[in-house]
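Structural overview
So you can see what is in the structure, the chains are spelled out below.
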Amino acid sequence: MGLLDILLGRTKPVAPDLDQLFALPSAAVTLEAAAGFTPTGSGAVCFATVEGAAFEQTHREVQALLDADADRDGPPVRLRRDEYGYSWLVSERAPDELPQLVNDLHAVNASMEVNGFGPQLLCSLAGFRDGEGRALALVYLYKRGTWFPFAPLPDGGQRRDNALELRVRAALGDDLRIEQDLSRWFPVWGAPGL
C-alpha cells in the first residue's frame with residue numbers, strides 16, 4: 001500500500017485465510033455450551049456461477065475428490081443453483097462429523113482458488129440447530145477471512161433473529177475471527193446446508 005492509498009483512505013483488501021475454517025470444530029463446542037446449538041452435518045460453499053470448460057473441469061475434480069471419501073455416509077456432494085443465480089456446492093455428513101465437513105469445505109475453497117476461481121468464491125457455511133428446532137449458520141466470508149452468524153426466524157419469512165446473532169457473536173469472539181462490520185452480515189436466505 002502506497003502513500004497515495006493512505007492519503008485517499010484506501011485500504012488493502014484482506015487476503016483470504018482458509019485456515020480459519022479449521023477453527024469451526026472448537027467453536028462448535030463453545031456454541032453448544034453457550035447457546036445449545038449442535039451441528040446438523042450440512043455445509044456449503046457459495047460462489048458466483050461461472051460458465052466454461054475450465055470451471056466445469058474444476059467442479060468435476062472437486063466433486064470426484066469429495067465423493068471418493070470411503071467414509072462418507074449419506075448423499076454425495078451436489079451442486080445447486082439458487083434463485084439469485086449463485087452456485088452452492090453442498091456437502092452433508094453425520095452431525096458428529098464436523099471436522100470432516102470442514103475438510104470438505106476447505107477442499108472446495110482451496111481447489112477453486114488454485115484453479116484461478118478464487119475471485120468467484122463468496123462464502124462457506126455450516127448449519128446448526130438447537131433443541132427448539134431453530135436454525136443457525138456460521139458463515140465464513142472468503143474475501144474477508146471472517147465469520148458471522150446468520151439466524152433466520154422459523155416463521156418462514158425473511159426475517160432474522162438479530163438478538164441470537166449478537167449472542168452468538170459474543171460467545172464465539174474468542175474462537176472465531178468475527179466480522180466486526182455488521183453491514184457485511186448479509187442474509188443467506190434459502191441457502192442449502194442451513
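Residues numbered from 1 in each chain as written. Predicted model: local features only at pLDDT ≥ 70, side-chain atom pairs only at ≥ 80, totals over all residues. Heavy atoms only, no water.

With respect to the pairing of strand 6 (residues 146-150)
Put simply, the rule reads: Only protein chains enter the area calculation, which uses a 1.4 Å probe; residues under 20% of their type maximum are buried, those over 50% are exposed, and those in between are partly exposed. Here a strand is any run of E in DSSP of at least two residues, a helix any run of H or I of at least four, and the numbering for each starts at the N terminus. Pairing between two strands is assigned when DSSP locates at least 2 bridges connecting them.
Counting buried positions along strand 6 gives five out of five residues, so the element sits mostly inside the fold. Neither face of strand 6 is left uncovered, since the one carrying Thr146, Phe148 and Phe150 and the one carrying Trp147 and Pro149 both have all their residues buried. Both strand 5 (residues 135-141) and strand 6 contribute to a ladder of five bridges, which runs antiparallel. Its bridge partner being in strand 6, Tyr140 is matched across the sheet by Trp147. As consecutive antiparallel partners, strand 5 and strand 6 are separated by four residues, and within that stretch Gly145 has a phi angle of approximately 70°, a positive value.

A short note on the packing of aromatic side chains
To be explicit about the condition: Two rings from Phe, Tyr or Trp (for Trp, the six-membered ring) form a pair when their centres sit within 6.5 Å of each other. Planes less than 30 degrees apart are called stacked, planes more than 60 degrees apart edge-to-face, and all others tilted.
Evaluation of the coordinates by the stated rule reveals four aromatic pairs. Ring geometry for Tyr140 against Trp147: centres 5.3 Å apart, planes inclined by 55°, an arrangement best described as tilted. Judged by relative accessible area, Tyr140 falls into the buried class, the value being 0%. Members of the aromatic cluster, joined through ring pairs, are Phe148, Trp185 and Phe186.

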